[in-house]
Amino acid sequence: MLFGYKPSKIEADSVMSSVNPSTSGLSLEEFINIVRKKKEAQLYRNEIRHIFTAFDVHYRGYLTLEDFKKAFRQVAPKLPERTVVEVFREADRDSDGHVSFRDFEYAMNYGQSEP
């Protein structure tokens, strides 16, 4: 574990494979950049989880269309209901009428580069 983060074997192997074999390892700057990127990704994921939890007022682990409507009425009251419905349908990737955290996280990250 390193600064509250435990890299997987795949991540450790990936980092070590990028090390120049003619050097003795990572420079401090490279190491700090790797740790910073991981912490930023972790903080962003925690922020998404916090938003999801705020929308999931019934603590079911998923969001319904009604949850979306209620949340959007609070944060964007002038947004047309049809837009909220479209957003919900886009976020509900498996069309089961529920937006899981995985669906929500995917929607929040859509169009962004990998953190």
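The paragraphs below set out a description of the structure included in this document. Computed from a predicted model, the values in this text were never measured in an experiment.

**A word on the overall build of the chain**
Here's step 1: Scanning the chain from N- to C-terminus turns up five helices and two strands.
Here's step 2: N-terminal to C-terminal, the α/β element order of the chain is α-α-β-α-α-β-α.
Here's step 3: Contacts in the chain between residues far apart in sequence, at least 24 positions, make up 50% of those at least 6 positions apart.
Here's step 4: Element-wise, carbon and sulfur atoms account for 56% of the exposed surface of the chain, whose accessible area totals about 8900 Å².

**Digging into the nonpolar core**
Here's step 1: Ranked by size, the top nonpolar core spans 13 residues in total, and within it Phe 52, Phe 55, Leu 63, Phe 68, Val 99 and Phe 104 carry the most contacts.
Here's step 2: Other than its neighbours up to four places away in sequence, Phe 52 contacts Gly 61, Tyr 62, Leu 63, Val 99, Ser 100, Phe 101 and Phe 104.

**Topic: the packing of helix α2 (residues 28-55) against helix α5 (residues 101-109)**
Here's step 1: With their axes 10 Å apart at the nearest point, α2 and α5 run at an angle of 120° to one another. When the axes of α2 and α5 are compared, the pair comes out oblique. Handedness of the α2/α5 crossing: right-handed. Between α2 and α5, the contacting residues are Tyr 44, Arg 45, Ile 48, Arg 49, Ile 51, Phe 52 and Phe 55 on the first element and Phe 101, Phe 104, Glu 105, Met 108 and Asn 109 on the second.
Here's step 2: A class-by-class count of the residues in the contact of α2 with α5 yields eight nonpolar, one polar and three charged.

**Thoughts on the pattern of salt bridges**
Here's step 1: Here the structure, examined in full by the defined rule, presents five salt bridges.
Here's step 2: Residue Glu 105 is joined to Arg 45 by a salt bridge in which the shortest nitrogen-to-oxygen separation is 2.6 Å. Pair noted here: Glu 105 is in helix α5 and Arg 45 is in helix α2, with a separation of 60 residues, a long-range link.
Here's step 3: Salt-bridge contacts for Glu 81 lead to Lys 69; the nearest nitrogen and oxygen are separated by 2.9 Å. Of this pair, Glu 81 sits in helix α4 (residues 81-91) while Lys 69 sits in helix α3 (residues 65-75), and the two are twelve residues apart along the sequence.
Here's step 4: Glu 81 sits in the partly exposed class, given a relative accessible area of 48%.
Here's step 5: Several salt bridges share partner residues, and in doing so they unite Glu 66, Lys 69 and Glu 81 into one network.

Definitions and limits used
Residues numbered from 1 in each chain as written. Predicted model: local features only at pLDDT ≥ 70, side-chain atom pairs only at ≥ 80, totals over all residues. Heavy atoms only, no water. Helix = DSSP H or I, 4+ residues; strand = E, 2+ residues; numbered from the N terminus. Contact = heavy atoms within 4.5 Å. Areas by Shrake-Rupley, 256 points an atom, 1.4 Å probe, with all protein chains shown as cover. Core = buried A, V, L, I, M, F, W, Y, C linked by side-chain atoms within 4.5 Å. Buried < 20%, exposed > 50% of the residue type's maximum accessible area, 1.4 Å probe, protein only. Axes fitted to C-alpha atoms, helices over the stretch in contact; angles between N-to-C directions. Parallel < 35°, antiparallel > 145°, perpendicular 65-115°, else oblique. Left-handed = near helix turned anticlockwise from the far one by under 90°. Nonpolar A, V, L, I, M, F, W, Y, C, P; charged D, E, K, R; others polar. Salt bridge = Lys/Arg side-chain N within 4 Å of Asp/Glu carboxyl O.

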